[in-house]
Amino acid sequence: MAAEDNAVEDRLRRSRAALAMVSPDPFNAEAPPEALAGDITPTNLHYVRSNFALPAHDGVMVVGGAVANPMRLTLDDLRAMPAAEEAVTMECAGNGRLAQAPLPGGEPWGQYAVSAARWTGALLHQVLARARPADEAAEVLFEGADRGRCHHQDISFGRALPYPYAADPGSGILIAYGMNGEPLSADHGAPFRMIVPRYYGFASVKWLTRIAVLTEPYAGEFQTSAYMYEWPDRPAEPVTVMRPRARVTDPAPSAKIPAGPYTVRGKAWSGTGPVTKVEVSFAGDGDWQRARLFPPAGPYHWQEWSCDWQATRVARHTIRARATDVAGNTQPDVPVWNRLGYGNNAVEVICVDVC
Ligand SMILES: Nc1nc2c(c(=O)[nH]1)N[C@H]1C(S)=C(S)[C@@H](COP(=O)(O)O)O[C@H]1N2
Ligand SMILES: [Mo]
């Protein structure tokens, strides 16, 4: 038994070694910058965000609530259903919190609580159809096996989606059991988890134990207290889909590059996407030029972009990139402050030395 425990500990330690730790227990960690370089983030470089300690999971998920056919599903049951595969960019709603001022409470995320993985799983709408939801279905609740204390109560991590969105085949929502071709790791929600494309990461409930069809709105802690935009000047709103962002992945911040032509590269994504325009500026105050934008490799996957730069003048230079999506949403220059520090998609400034 002790040897088994040691093996589990070892595997956990190895799976975490390449990440930039934000807190040890529960384990929260940012991806290293290389995580954004490729098309897909290798599993050991994918950021991790958990609100509570790693839970035990008994391998069973129940589907119940307002349904005609309640079910108990195991990994084998999910694998027996048609499998879908999607590359999905996932970003924590708290990503970029450190750039908000005054600094909100909460995990001090820099800019790397974002990654993209290839997920395999059963389609949520097919699982729901088998359970035969009642006509009065209003929301679908997803609950994880993890529990902890919050405001003097013992609670689990639960999030609900509107029923029409959960049941829509076009939402692309998976109950995933595979990540980048492997079974899920403990930190990423083994044995199965939700993957809700386009939403910030909180919707993708890990260690899934229960799906419940509800006839009333869900009012759990993580639905109504956390993950809310608490604006200083107007009523609070729920945080939902990812805001558009463009990131420079090459050159790296503070890089020294030789004088001459340079191809600047990056990624762009949006929950209301696809991204239709990326612009780059090599100086403060205006002067935006259009980057080449590669078509998305999938509907929920970040897009690559590049831009030619004549980096001939030896000096410190600034680079800024800005994405605009098909809905016309773009990035502000200044973080839009909210009390809990969510959804910061302000244009970043990186400095490089041309020498
Ligand atoms: N059960 C459970 N699911 C969860 C969470 C959690 O704390 N418990 N955190 C959510 C948040 S806030 C994010 S950003 C993503 C992160 O997924 P990852 O750790 O696989 O990157 O998981 C989501 N799913
Ligand atoms: Mo998150």
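Residues numbered from 1 in each chain as written. Chains lettered and ligands numbered in written order. Predicted model: local features only at pLDDT ≥ 70, side-chain atom pairs only at ≥ 80, totals over all residues. Heavy atoms only, no water.

Focus on the domain arrangement of the protein
Moving on, step 1. Per the domain assignment, the segments of the protein are domain 1 (2–226) and domain 2 (245–354).
Moving on, step 2. Summarising the inter-unit geometry, the C-alpha centres of domain 1 and domain 2 are found 28 Å apart.
Moving on, step 3. Taken residue by residue, the interface counts 36 residues in domain 1 and 22 residues in domain 2.
Moving on, step 4. For the pair domain 1 and domain 2, the two sides together bury roughly 2,400 Å², of which 49% comes from carbon and sulfur.
Moving on, step 5. On the domain 1 side of the interface with domain 2, the three residues burying the most area are Leu36, Gln100 and Arg198, jointly 25% of the side's total.
Moving on, step 6. Summed over the shared surface of domain 1 and domain 2, the result is one salt bridge.
Moving on, step 7. Note that glutamate 91 and arginine 245 form a salt bridge whose closest N and O atoms lie 2.8 Å from each other.
Moving on, step 8. Remark: the boundary between domain 1 and domain 2 carries 16 residue pairs in polar contact (both at pLDDT 80 or more). (Domains from an automatic or database assignment. Contact = heavy atoms within 4.5 Å. Buried area = accessible area lost by both parts, 1.4 Å probe. Salt bridge = Lys/Arg side-chain N within 4 Å of Asp/Glu carboxyl O. Polar contact = N/O pair within 3.5 Å; in protein donor to acceptor, adjacent residues only side chain to side chain.)

Things to note about the nonpolar core
Moving on, step 1. Core analysis: the biggest nonpolar cluster contains 71 residues, and Trp119, Ile175 and Ile211 have the highest contact counts within it.
Moving on, step 2. Looking at this core, the element that brings in the most residues is strand β6 (residues 114–123), giving six residues.
Moving on, step 3. In terms of domain composition, this core takes at least three residues from each of domain 1 (2–226) and domain 2 (245–354).
Moving on, step 4. Within the second largest apolar cluster, 22 residues are counted, among which are Tyr262, Val264, Ala268 and Ala311. (Core = buried A, V, L, I, M, F, W, Y, C linked by side-chain atoms within 4.5 Å. Buried < 20%, exposed > 50% of the residue type's maximum accessible area, 1.4 Å probe, protein only. Helix = DSSP H or I, 4+ residues; strand = E, 2+ residues; numbered from the N terminus.)

Thoughts on the layout of surface pockets
Moving on, step 1. Looking at the largest pocket, its volume works out to about 450 Å³.
Moving on, step 2. Counting only elements with at least two residues in the lining of the largest pocket, the list comes to β7 (139–150) and α5 (221–224).
Moving on, step 3. Taken together, the residues of the lining of the largest pocket sort by class into 11 nonpolar, seven polar and seven charged.
Moving on, step 4. Both domain 1 (2–226) and domain 2 (245–354) contribute no fewer than three residues apiece to the lining of the largest pocket.
Moving on, step 5. Counted as a void, the second largest pocket has a volume near 290 Å³.
Moving on, step 6. Lining the second largest pocket we find 14 residues, and of these Arg11, Leu12, Ser15, Ser185 and Ala186 sit closest to its centre. (1 Å grid on protein atoms, 1.4 Å probe; cavity = no way out; pocket = protein on both sides within 12 Å on 5 of 7 lines; lining within 4 Å. Points joined across faces, edges and corners; volume = space filled by probe spheres on them. Nonpolar A, V, L, I, M, F, W, Y, C, P; charged D, E, K, R; others polar.)

A few points about the packing of aromatic side chains
Moving on, step 1. Within this structure, the stated rule accounts for 10 aromatic pairs.
Moving on, step 2. Between tyrosine 165 and tyrosine 199 the ring centres are 5.6 Å apart and the planes differ by 45°, which places this aromatic pair in the tilted class. Residue tyrosine 165 is located in helix α4 (residues 163–167), and its partner tyrosine 199 is located in the loop between β11 (193–195) and β12 (208–214); the two are separated by 34 residues in the primary sequence.
Moving on, step 3. Classification of tyrosine 199 as buried rests on a relative accessible area of 12%.
Moving on, step 4. Three or more aromatic residues joined by ring pairs make a cluster, and in this case those are Phe52, Phe157, Phe202, Phe222, Tyr227 and Tyr342.
Moving on, step 5. Seen from the ring of tryptophan 231, arginine 234 lies directly overhead, with NZ or CZ sitting 4.2 Å from the centre.
Moving on, step 6. Just above the ring of tryptophan 288 sits the side chain of arginine 322; from NZ or CZ to the centre is 4.0 Å. (Phe/Tyr/Trp six-rings, centres within 6.5 Å; stacked < 30°, edge-to-face > 60°. Lys NZ or Arg CZ within 6 Å of the ring centre and 35° of its normal.)

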